[in-house]
Amino acid sequence: MPEHRTLCPYCGVGCGLLVEVRDGAVTRVKGDPAHPANFGDVCAKAVHLPPVLRTADRLRYPMLRARRDAPLARAPWELALRHAGDRLREIVAAHGPDAVAFYASGQLTTEEYYVASKLAKGFLGTNNFDTNSRLCMASAAAGYARSLGADGPPAAYADFERADCFFLIGTNTADCHPIAFKRIRRRKLAAPAEVTVLVADPRWTETADLADLHLPLRPGSDVALLNAMLHVLWREDLLDRRFLAARTSGWEALRAVIARYPPERAASLTGLSPEIIVAAARSFGRARAALTLWAMGLNQSHAGTDKNTAVLNLHLATGQIGRPGAGPFSLTGQPNAMGGRETGGLAHLLPGYRAVADPAARAAVERHWGLPAGAISPRPGRSALEIFEGLAAGEVRAVWIMATNPAASMPDLDLVEKALRQADLVVVQDAYHPTETTRFADVLLPAAQWPEKDGVMTNSERRLTYLPKLVEPPGEALPDAEIVVRLARELGWKDAFPYEGAAEIFDEFAALTAGTPCDYAGASHERLRDEGPLQWPVPAPDHPGTARLYADGRFPTATGRARLVPVEHNEPVEPPDAAFPLTLTTGRVRDHWHTLTRTGKAPALAARTPEPVLEVNLHDARRAGLQDGDFAEITSRRGKAIAQCRVSAAIREGTCFLPFHWGRQAGFYKSANNLTLGARDPISQQPELKACAVRLRRLPEGGA
Ligand SMILES: Nc1nc2c(c(=O)[nH]1)N[C@H]1C(S)=C(S)[C@@H](COP(=O)(O)OP(=O)(O)OC[C@H]3O[C@@H](n4cnc5c(=O)[nH]c(N)nc54)[C@H](O)[C@@H]3O)O[C@H]1N2
Ligand SMILES: Nc1nc2c(c(=O)[nH]1)N[C@H]1C(S)=C(S)[C@@H](COP(=O)(O)OP(=O)(O)OC[C@H]3O[C@@H](n4cnc5c(=O)[nH]c(N)nc54)[C@H](O)[C@@H]3O)O[C@H]1N2
Ligand code: SF4
Ligand SMILES: [Mo]
């Protein structure tokens, strides 16, 4: 059987896959030994893709309802798109373009993102185009731009084999980026005395199992820990003075702040001992090459950008950047959240890491799109939560949702449902129906999913991989890019959306990245297919790509120096109190992906983790009268959830953990996002999904 090379559609590790297709269906998935992300390895989610691709709940035809109280009925494509187009035109005419918003996803291909954002920002004239990356990588993107001058993770997976200190903070790498973790573990086990692994997580996880030091800090206290580590390195003269002097600015102001974070003070803020903070700092400071990896434990916080900044301060002050084995390295969540950032898939961005607020950037993009000067609005659009708040308040009238399930994945689901009920028009493009979100659609459009369409995605290490179309989509489903292009033509912009296929869209976008930090003008579908995956920047067709950024010590700031930015510890927005004495943190399990539309239907995966489980510390459990295996009602200021308890010492006292995979469709009270809150970071606008106050009650009451 011939095997086809492609990319895994799940996490941002971006593993290459070999896919066997028989009679028009995917029959087997394994790792691609030639792909530099995984060299043939693969995790269970990818292996169990075949049974989830052609389920009975695949959405096969467009569906439509002209009245909210009518059921969705099958409609031809022409009618569905004409209806959506007419309604959009009416809403724009009556309320202006900012009454329309798009909410897209890190699971779209680069081409899909690009055309959708071109339609919204260039042609409909609204920057209300945001994505679920706002819940995911927004704080990392903001942190890199603030400190280094541009977004973009500087390091490469090849650094896993060269680092001698791994600092894993706010990442459960073993469960969430399993193949990256496998490489780290291999490095550690090959040289256990030489390589140290530090893990900072309020929970003991599979990741922490590899650690020399596990730092079970209080949720939200990362800045205190990171500042104190820098304090120790400063006090013990473990900084890179040459790098500091030649390559950075702002040391004096930063020193003044970290001077106030001795380990003893940080100990009281983090709940860790001063000794473990000192030990972690020394391991980091004495390493030849230190690599910090992080994900949602830092980003999903009202202080997410500051947490990122504190990591970058640590690396800049020690010169641990731009060298083999060294660097700050955010782990991207979704397979193409990176491509989203590159194509301007956030409400304040334009393609090529350009900013909406920058007049020169707007002018460059307007020229590329053949638009008159001033066509792109100078106002950044609404971020994800602001879109839904705007819908609930009647300020936004229409929302177009693509490849994301906000009625399960956003904080405070009551508000999200209210927003969707209140909207004049909800259009949803999904591969499955029903989902928590498709239930609210006025127009429901069937999307082709992996591997039913072609396109490009960028993984965590800036590597572009081409994904070919391997099978036909079911029924009348279409690639997301084609749906958007058809809509654009329906709205009258035929000439600006002339594409015959994804390759042309890619070329138009790649040309627009020329001269930007994420320059991949030298890439094309053909080159990626023939030569294999490439790491940007790759500015010319004969350029080999770039393993690591900032190897020359120059940063894309006005001065060429990286900026040290002092940041302070900041308590979670909703600290525990007498009524809600515990901090709930939420996240993932190894065998499920997000809102279960795919992994929930793989029998082997679903059987391993059929239900959400609440992790509770044994002291907290005793106070709540809970024993291992009991069912608990979890209450926050916004709602309730119910889950069976796993009582242990693996999670720090005062903290409990609930996975968020189960939405209300799986059972109203299984949803962690009944509880979470919409408070967010003032810079990145990323919500605080990792900390809200809750109380627990044993069910049934009194143990009957
Ligand atoms: N199996 C699986 N893998 C996935 C996904 C999936 O759904 N399932 N999704 C992908 C996506 S989109 C993403 S964004 C990534 C997410 O990858 P991760 O961020 O690794 O996953 P999470 O479980 O959300 O959170 C990671 C850890 O943060 C810890 N944490 C909570 N609060 C804090 C804090 O204040 N400080 C610190 N230091 N740690 C804290 C939690 O205890 C948790 O173990 O995973 C990707 N990979
Ligand atoms: N409490 C809590 N909430 C969280 C998080 C957390 O840690 N805690 N993490 C947040 C993070 S980091 C993320 S990334 C989000 C993820 O949240 P979502 O993006 O809402 O989760 P998914 O289930 O991946 O949703 C993807 C949707 O797209 C559909 N789909 C799949 N392929 C295609 C395609 O090719 N085209 C189209 N049109 N549709 C397709 C799927 O069926 C599914 O409905 O959740 C966030 N929410
Ligand atoms: S580690 Fe991520 S990219 Fe690699 S096979 Fe698993 S889910 Fe796919
Ligand atoms: Mo994510």
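As the structure is a prediction and not an experimental result, all values here were calculated from the model.

A word on the site of ligand 3. Close to ligand 3 lie C8, Y10, C11, G14, C15, V42, C43, K45, A46, P178 and I179. Contributing elements (two or more residues each) for the shell around ligand 3: α1 (44-47) and α7 (178-190). Partitioning the shell around ligand 3 into residue classes produces nine nonpolar, one polar and one charged.

Further remarks concern the pairing of strand β13 (residues 327-330). The two faces of β13 match: G327 and F329 on one face and P328 and S330 on the other face are all buried. Here four bridges tie strand β12 (residues 290-294) to β13, and the two strands are oriented parallel to one another. When the bridges of β13 are listed, T292 appears paired with P328.

Right, let's get into the site of ligand 1. Around ligand 1, a shell composed of 35 residues is seen, among which C176, D201, G220, D222 and H592 lie nearest. Contact between ligand 1 and K45: a nitrogen atom at 3.3 Å from a side-chain N or O atom of the residue. R203 is positioned such that a nitrogen or oxygen atom in its side chain is 2.9 Å from an oxygen atom of ligand 1. Isolated, ligand 1 exposes 910 Å² of accessible area, and the fraction of that covered by the protein chains is 100%. Among the elements of the structure, α6 (173-176), α13 (296-299) and β23 (582-587) are those that each provide at least two residues to the shell around ligand 1. Counting contributing residues per domain, the shell around ligand 1 is built from domain 2 (139-330) and domain 3 (582-699), each supplying no fewer than three.

Here we have three strands laid out as an open sheet, ordered β1-β2-β3, and antiparallel in their pairing. Edge strands, defined here as strands with exactly one partner in the open sheet, are β1 (3-7) and β3 (25-31). Looking at each pair of strands side by side, their axes are set apart by 35 degrees on average, direction ignored. Relative to β3, strand β2 (residues 16-22) runs antiparallel, the two sharing six bridges. Its bridge partner lying in β3, V21 is registered against V26.

This paragraph deals with the side chain of E574. Looking at the secondary structure, you find E574 in the loop between β22 (562-563) and β23. By relative accessible area, which is 10% here, E574 ends up buried. Looking at E574, its side chain comes within polar contact range of the main-chain nitrogen of A693, at 2.8 Å. Not counting residues within four places of it along the chain, the set of residues in contact with E574 comprises R637, R638, L677, E688, C692 and A693.

The next thing to look at is the pairing of strand β24 (residues 613-617). Within β24, four of the five residues are buried, which leaves the element mostly enclosed by the surrounding structure. Sheet topology places β24 next to strand β26 (residues 640-648); five bridges connect them, and they run parallel. The partner of V616 across the bridge, within β26, is V647. Where β24 meets strand β27 (residues 655-659), two bridges bridge the pair, whose relative direction is antiparallel. By the bridge assignment for β27, E615 is matched with F657.

Now for the domain arrangement of the protein. Under the domain assignment used here, the protein contains domain 1 (80-136 + 335-499), domain 2 (139-330) and domain 3 (582-699). A C-alpha centroid distance of 34 Å is found between domain 1 and domain 2. The partner domain 2 presents 15 residues to the nine residues of domain 1 that form the contact. For the pair domain 1 and domain 2, the two sides together bury roughly 940 Å², of which 46% comes from carbon and sulfur. Considering only the side of domain 1, the residues that lose the most area to domain 2 are R341, S460 and E461, jointly responsible for 46% of the buried surface there. Joining domain 1 to domain 2, the criterion identifies one salt bridge. For R341, the salt bridge goes to D151, with nearest N and O atoms at 2.7 Å. Seen at the junction of domain 1 and domain 2, the total is seven residue pairs in polar contact (both at pLDDT 80 or more). Per-class residue counts for the side of domain 1 that touches domain 2 are four nonpolar, two polar and three charged.

What follows is about helix α20 (residues 480-490). Taken as a whole, α20 has its buried residues at D480, A481, I483, V484, V485, L487 and A488. Those residues of α20 that are buried lie in contact with α3 (77-95), α4 (110-124), β16 (398-402), β17 (425-430), β18 (443-446) and α21 (502-512). Among the residues trailing α20, G492 stands out with phi positive, at a value near 105 degrees.

What follows covers helix α11 (residues 263-270). Among the residues of α11, P263, A266, A267, L269 and T270 are the ones counted as buried. Residues of α11 that are buried make contact with α8 (222-235) and α12 (274-286). Count one or two residues on from α11 and you reach G271, which has phi positive near 80 degrees.

Attention now goes to the packing of aromatic side chains. The description of an aromatic ring pair uses the distance of the two centres, along with the angle that the planes make with each other. One pass over the structure, following the stated rule, counts 19 aromatic pairs. Through a chain of ring-to-ring contacts, three or more aromatic side chains come together here, namely Y114, W369, F506, F509 and Y520. Between the NZ or CZ atom of K601 and the centre of the ring of Y432, over which it lies, the distance is 4.0 Å.

Cut-off values and rules
Residues numbered from 1 in each chain as written. Chains lettered and ligands numbered in written order. Predicted model: local features only at pLDDT ≥ 70, side-chain atom pairs only at ≥ 80, totals over all residues. Heavy atoms only, no water. Near = heavy atom within 4 Å. Helix = DSSP H or I, 4+ residues; strand = E, 2+ residues; numbered from the N terminus. Nonpolar A, V, L, I, M, F, W, Y, C, P; charged D, E, K, R; others polar. Buried < 20%, exposed > 50% of the residue type's maximum accessible area, 1.4 Å probe, protein only. Pairing = 2+ DSSP bridges. Polar contact = N/O pair within 3.5 Å; in protein donor to acceptor, adjacent residues only side chain to side chain. Areas by Shrake-Rupley, 256 points an atom, 1.4 Å probe, with all protein chains shown as cover. Domains from an automatic or database assignment. Axes fitted to C-alpha atoms, helices over the stretch in contact; angles between N-to-C directions. Contact = heavy atoms within 4.5 Å. Buried area = accessible area lost by both parts, 1.4 Å probe. Salt bridge = Lys/Arg side-chain N within 4 Å of Asp/Glu carboxyl O. Phe/Tyr/Trp six-rings, centres within 6.5 Å; stacked < 30°, edge-to-face > 60°. Lys NZ or Arg CZ within 6 Å of the ring centre and 35° of its normal.

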